[in-house]
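# What the coordinates show
Each chain is listed here by its residues.
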Amino acid sequence: MGLLDYFLSTQRPSASIAKERLQILVAHERAERNKPPYLADLQRELLEVIGKYVKVDREDITVTMDQDDKREILELNIVLPDDKTTRKRR
Amino acid sequence: MARIIVVTSGKGGVGKTTTSAAISMGLALKGHRTAVIDFDVGLRNLDLIMGCERRVVYDFVSVINGEATLNQALIKDKRSENLFILPASQTRDKDALTADGVESILKELSETFEFIICDSPAGIERGATLAMYFADDAIVVTNPEVSSVRDSDRMLGILASKSRRAETGAEPIREFLLLTRYSPQRVKLGEMLSVDDVQEILSLHLLGIIPESKAVLSASNAGTPVILDERSDAGQAYSDVVRRYLGEEVPHRFLEEEKKGLFGRLFGG
């Protein structure tokens, strides 16, 4: 380790990497923890109702809860099948 | 009515027992009748750190099982008449702790003590959850290191949802951050998370910063709580912590690298 290395060194201080990793991880784990317990039930019941009209699999429905300072966002995402024929007729 | 304080962290080896020993001794030296309980059933160590390992006859579990009275199991400290230690059992299974048993012991202690310090084991199993369940205050011991900060955050989640105060809707547990093994030199070099970095993530009331110190190992070698080493940086930092906990305004120390004088520079030290 010479003087040259010192000036050529562009390595980021490891503490700032640690902080960034922690911020992302902790935010994610808190969101997981603060998930309302009804999300799983909601997802299951939605699947039942939607399944009456459209053929969807369990993986095709996702329910997520997000939170920022101002609001809570309940996001419902349903992937409908491409093929129109798989849709049931009423 | 005693104030019940849990010393917790999630992660092991961050300084919970060192902290429990130091703070309980500090409170006792300030004239408060204090009991300190080792919740680490099967792996007791508080007795060693307190230097009373040869005086253990009965323990926490023998009192819960009715084999001894609380007074028989409590070990009176030889340095302060206000301090009593309730050791953990070394031989029993950790499932020997029951919520009812712990509650009744804490209730009995509350009648005659001002402070009860619960030294939590690492992890989030029975011993740890029971140590924090009845707490009024929590001291979250954290090292400026990623896994410790993450585990502390996890403990905060548990304190906020699975404690008696949370379950009964009472006023929440007061949570304090104690940052231990802090090295201002390494923080300055960008090698260690700073107090501000940790606070940005945990944002707790900062009870104190304990510098990385040789005095901690010397104290544990001797079985003397480090707070009794008044000349050491860690001992002084713990004294500040106790004063802060008791409501005094004490500025934080040991945040900056110690300036060495010319003599120190020349001869090291």
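This report concerns the structure included in the present document. This one's a predicted model, so the numbers in the text were calculated from it and none came from an experiment.

## A few points about the overall build of chain A
- Across its full length, chain A carries 3 helices and 2 strands.
- A burial count over chain A gives 18% of its 90 residues as buried.
- Once local pairs closer than 6 in sequence are excluded, the contacts in chain A between residues at least 24 apart make up 33%.
- As displayed, chain A has an accessible area near 7700 Å², and 53% of this comes from carbon and sulfur atoms.

## Points about the packing of helix α1 (residues 16–29) of chain B against helix α12 (residues 233–245) of chain B
Residue and element names in this part refer to chain B.
- The interhelical angle for the contact between α1 and α12, taken along N-to-C directions, is 60 degrees, at an axis separation of 9 Å. Our classification of the angle between α1 and α12 gives oblique. As for the relative orientation of α1 and α12, their crossing is right-handed in sense. When α1 is examined against α12, the residues T18, T19, A22, I23, G26 and L27 are found in contact with a partner set consisting of Y238, V241, V242 and Y245.
- Residue composition of the contact of α1 with α12, by class: 7 nonpolar, 3 polar and no charged.

## Some words on a nonpolar patch on the surface
- A cluster of nonpolar side chains, contributed by L76(A), I78(A) and L80(A), occupies part of the molecular surface with about 230 Å² of accessible area.
- Tracing the chain through its elements places I78(A) in strand β2 (residues 72–78).

## Notes on helix α11 (residues 214–222) of chain B
- Sitting at the head of α11(B), S213(B) places a side-chain oxygen 3.0 Å from the backbone nitrogen of A215(B).
- Just beyond α11(B), the residue with positive phi is G223(B), at close to 70 degrees.

## What to know about the environment of E171(B)
- By the secondary structure assignment, E171(B) is in the loop between α8 (164–168) and β7 (174–182).
- Between the C-alpha atoms of E171(B) and V41(B), which are 130 residues apart in sequence, the distance is 29 Å.

## Some remarks on the interface of chain B and chain A
- With 14 residues of chain B at the interface, the matching set in chain A holds 12 residues.
- Taking both partners together, chain B and chain A bury about 1200 Å²; carbon and sulfur atoms supply 57% of that area.
- Of all residues in chain B, the largest losses of buried area upon contact with chain A belong to R150(B), D153(B) and I201(B), amounting jointly to 43% of the total for that side.
- The interface formed by chain B and chain A contains 5 salt bridges.
- Here D153(B) and R30(A) are joined by a salt bridge, their closest N and O atoms 2.6 Å apart.
- Counting across the chain B and chain A interface gives 9 residue pairs in polar contact (both at pLDDT 80 or more).
- Residue assignment for the side of chain B that touches chain A shows that the elements contributing at least two residues are α7 (146–162) and α10 (195–202) of chain B.
- Ranked by residues supplied to the side of chain B that touches chain A, first place goes to α7(B) with 6 residues.

## Quick notes on the nonpolar core
Residue and element names in this part refer to chain B.
- Core analysis: the largest hydrophobic core is formed by 52 residues, its most contacted members being F39, F60, L97, V102, L109 and I116.
- Element by element, the count of residues in this core is highest for α7, at 5 residues.
- Beyond its immediate sequence surroundings of up to four residues, V102 is in contact with F39, F60, I64, L97, L130 and F134.
- Of all hydrophobic cores here, the second largest spans 37 residues; its members include A22, I23, I49 and V242.

Rules of the game
Position numbers for residues start from 1 in each chain and track the written sequence from start to end. Chain letters and ligand numbers both follow the written order, the letters beginning at A and the numbers at 1. Thresholds applied to this predicted model are a pLDDT of at least 70 for local features of residues and 80 or more for the giving and counting of side-chain atom pairs; totals over whole chains, interfaces and linings are not thresholded and use all residues. Only hydrogens and water are set aside; all other atoms, that is, all heavy atoms of the structure, feed into the side-chain values. Secondary structure elements follow DSSP: runs of H or I of four or more residues count as helices, runs of E of two or more count as strands, with numbering from the N terminus. For each residue, the accessible area found with a 1.4 Å probe, counting protein chains only, is set against the maximum for its type, and the residue is called buried under 20%, exposed over 50%, and partly exposed in between. Note on contacts: a residue pair qualifies if any of its non-hydrogen atoms lie within 4.5 Å across the two residues. A 1.4 Å probe and the Shrake-Rupley method give the accessible areas. Residues count as covered only by the protein chains that appear here. Here an axis means a line fitted to C-alpha atoms, over the contact stretch when the element is a helix, while the angle between two N-to-C directions is reported on a 0 to 180 degree scale. Orientation labels follow simple angle bins: below 35 degrees gives roughly parallel, above 145 gives roughly antiparallel, 65 to 115 gives roughly perpendicular, and whatever is left gives oblique. Each crossing is labelled by how the near helix is turned from the far one, with a counterclockwise turn of less than a right angle marking it left-handed and a clockwise turn marking it right-handed. In this classification, Asp, Glu, Lys and Arg are treated as charged, Ala, Val, Leu, Ile, Met, Phe, Trp, Tyr, Cys and Pro as nonpolar, and every other residue, Gly included, as polar. Surface patches are drawn from residues lacking salt bridges whose relative accessible area is over 30%; two like charges belong together within 9 Å, two nonpolar side chains (Val, Leu, Ile, Met, Phe, Trp, Tyr) within 5 Å. The working definition used for a salt bridge is a side-chain nitrogen of Lys or Arg within 4 Å of a carboxyl oxygen of Asp or Glu. N or O atoms within 3.5 Å of each other form a polar contact, as long as, within protein, one can give a hydrogen and the other can take it, and as long as residues adjacent in sequence are counted only when both atoms are side-chain atoms. Accessible area that two parts lose when put together, with a 1.4 Å probe and added across both, is what the buried area reports. Nonpolar core, defined: a set of buried Ala, Val, Leu, Ile, Met, Phe, Trp, Tyr and Cys residues in which side-chain atoms within 4.5 Å join the residues together.

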